[in-house]
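Tertiary structure, described
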Amino acid sequence: MSTIDKVLDGYSAKVFKNRKAHIGEISEEAPELTSNVRTIPGIMTNRGCCYAGCKGVVLGPLKDVAVITHGPIGCGFYTWGTRRHKGKSDENTQNFLEYCFSTDMQEGDIVFGGEKKLKQAIKEVVELFSPKSIMICSTCPVGLIGDDIHAVAKEAEALYGIKVLAFSCEGYKGVSQSAGHHIANNGLMKNVIGTGSYVPKKFSINLLGEYNIGGDGWEISRVLKKIGYDIVSVMTGDGSYEELKSAHTADLNIIQCHRSINYIGEMMKTKYGTDWLKVNFVGVDGTIESLRSIAKYFGDEDLIERTEEIIAEELQDIEEYMELYKNKLTGKTAALFVGGSRSHHYQNLLESLGMKTLLAGYEFAHRDDYEGSEVVPFMKVDADSKNIEELKLEKDPEKFRLVIPEERYAQLKDEIALNYYGGMEKSMDKGAIVVDDLNHYETEEFLKLLKPDIFFSGIKDKFVAQKGGVLSRQLHSYDYSGPYAGFKGAVNFARDVTMGIYTPAWNYTVAPWKKEPILEGTLGGVV
Ligand code: SF4
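Presented here is an overview of the structure given in this document. (Residues numbered from 1 in each chain as written. Predicted model: local features only at pLDDT ≥ 70, side-chain atom pairs only at ≥ 80, totals over all residues. Heavy atoms only, no water.)

1. What to know about the site of the ligand
Surveying the vicinity of the ligand reveals the residues C49, Y51, C75, T139, C140 and G171. Its residues assigned to classes, the shell around the ligand comprises four nonpolar, two polar and no charged. (Near = heavy atom within 4 Å. Nonpolar A, V, L, I, M, F, W, Y, C, P; charged D, E, K, R; others polar.)

2. Digging into empty space enclosed by the protein
Over the atoms rolls a probe the size of a water molecule, and its path tells where empty space is left. Per the counting criterion, the structure on display carries three cavities of 30 Å³ or more. The volume enclosed by the largest cavity comes to roughly 50 Å³. In terms of lining residues, the largest cavity is bounded by N18, R19, H22, R38, T39, I40, I43, D437 and N439. Of the residues in the lining of the largest cavity, the class split is two nonpolar, four polar and three charged. (1 Å grid on protein atoms, 1.4 Å probe; cavity = no way out; pocket = protein on both sides within 12 Å on 5 of 7 lines; lining within 4 Å. Points joined across faces, edges and corners; volume = space filled by probe spheres on them.)

3. As for the packing of helix 9 (residues 177-191) against helix 12 (residues 258-272)
Contact pair helix 9 / helix 12: the axes reach a minimum separation of 8 Å and the direction vectors enclose 30 degrees. Compared by their axis directions, helix 9 and helix 12 come out roughly parallel. Of the two elements, helix 9 crosses helix 12, and the hand of that crossing is right-handed. Across the interface between the two elements, S178, H181, H182, N185, N186, L188 and M189 from helix 9 touch R259, S260, I261, N262, Y263, I264, M267, M268, K271 and Y272 from helix 12. (Axes fitted to C-alpha atoms, helices over the stretch in contact; angles between N-to-C directions. Helix = DSSP H or I, 4+ residues; strand = E, 2+ residues; numbered from the N terminus. Parallel < 35°, antiparallel > 145°, perpendicular 65-115°, else oblique. Left-handed = near helix turned anticlockwise from the far one by under 90°. Contact = heavy atoms within 4.5 Å.)

4. Observations concerning the pairing of strand 2 (residues 65-70)
Here strand 2 lies mainly inside the structure; six of its six residues are buried. The alternating pattern of strand 2 places V65, V67 and T69 and A66, I68 and H70 on opposite faces, both of which are buried. Where strand 2 lies against strand 4 (residues 133-138), six bridges are found, and the strand directions are parallel. Note that in strand 4 the partner of H70 across the bridge is S138. Direction of pairing for strand 2 relative to strand 3 (residues 101-102): parallel, over a ladder of two bridges. What sits directly across from I68, in strand 3, is F101. A crossover links strand 2 with its parallel partner strand 3, the connecting element being helix 4 (residues 73-78), and its sense is right-handed. (Buried < 20%, exposed > 50% of the residue type's maximum accessible area, 1.4 Å probe, protein only. Pairing = 2+ DSSP bridges. Right-handed = clockwise from strand over helix to strand, strands pointing away.)

5. With respect to unusual backbone geometry
The omega angle of the peptide bond from M235 to T236 is 0 degrees, so this bond is cis rather than trans. Tracing the backbone through its elements, the reader meets T236 in strand 7 (residues 230-236). The backbone phi angle of N419 is positive, close to 50 degrees, even though this residue is not glycine. Examined against the element boundaries, N419 turns out to sit in the loop between helix 18 (406-415) and strand 12 (433-436). Backbone geometry places D437, a non-glycine residue, at a positive phi of 55 degrees. For D437, the position within the fold is in the loop between strand 12 and helix 19 (440-450). By relative accessible area, D437 is classed as buried at 5%.

Right under this line is the structure:
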């Protein structure tokens, strides 16, 4: 019986059929997994909700926006400071990241409607904080009781003269955080991007889908700026409403997390002609390849040369450490289960440290994240996600422009991943397992059967794994370490993994009397 069959064997016939379609093994052909469909009730998924994807992931990191959670207190409270998207303010930029704004709905608001309370909350936020923008995020009850948050936002915008946006991201929409990403992308595209007037410098880019967890975005920006790029906006780690308005003026969008922001990438391509390039700043090889691809897009000889100089300089700084950790980690094995992009991004870093990936999976990825952009025309939206708006955009008559001529575009497309993402499966070794929406039963079973040296996942299953004697490092929060991106981040990651694997406590997970007898004595002179 294969490993997958052994795990599936624990299910009833109905659940077996469902889960079988979400699990596959890499062979000659990349498996076509079922993904982005509803979770089986009661199966202990790791997924979150639409509100988490919209407020927690995409909008939350915008430091100069006061994001008001419209709902009972739980949703706001549990997203208060729990995702480590860092943001620094300066004399020109407001920063509300340490706050949690909530309307704290009570029974009366459910019965008589919460619009009055929302208006009062907006008034208080304006009076106390004077933000340039307020964004309102709906939680589950809001859609059910029919509060018109969009009308409240419109009224507040006129009343206070600041940008007030509403996002109908009730937790029950779609099947996971993914729907929330889409809703946030639509709102920013419709109301923010394209409204600014920044005049970019040479080699201008937007960094999309980078949320500055543990300072990742700062490390990436440090290198990009050293090479000479003008970063017009970051979506959205340490990003701001002010910067985002002028995103359409940049020459290129580089995309780190494809799942959460590909909608903006595609919509900007249609509306403004901006190309997007899938990059991966996790791992030394990924970072080098990404930097070379960006330089190739601009095709400027000096920029290409400068890129190589910086790569050499950065490599020199980290080589000794990477070698040291590689010696410690070569031959170790890993399993990864993260949201919608990291399970892929970290594989090249693990490989460069001599580690093998045995299993990788996503909570809320879609088919193209597994199999690549080529499957997009064949992807179907099921009934659970049909209520998420698909914006139909057209060329902006004034702001649309092609940065590179069409004939060069055709040639470049063969050389770099322009407006294309290859997905996770192609870069995985044969025999490795891919799982969509892994649940707690499957986690425990796969860990028992595969016995990886390390399981990269999140806070909900970290201690389940560790109580079973398997080291688990969080790849959402980095276990409060980081940055892990870029050159210096690779060293931090390698150091943390080495420390975890070589922690002496792992030698003490089995009591000594279970391994060897502790009573010794003699009987008639015989030991
Ligand atoms: S599912 Fe609903 S109640 Fe739960 S966190 Fe999301 S919005 Fe809040």
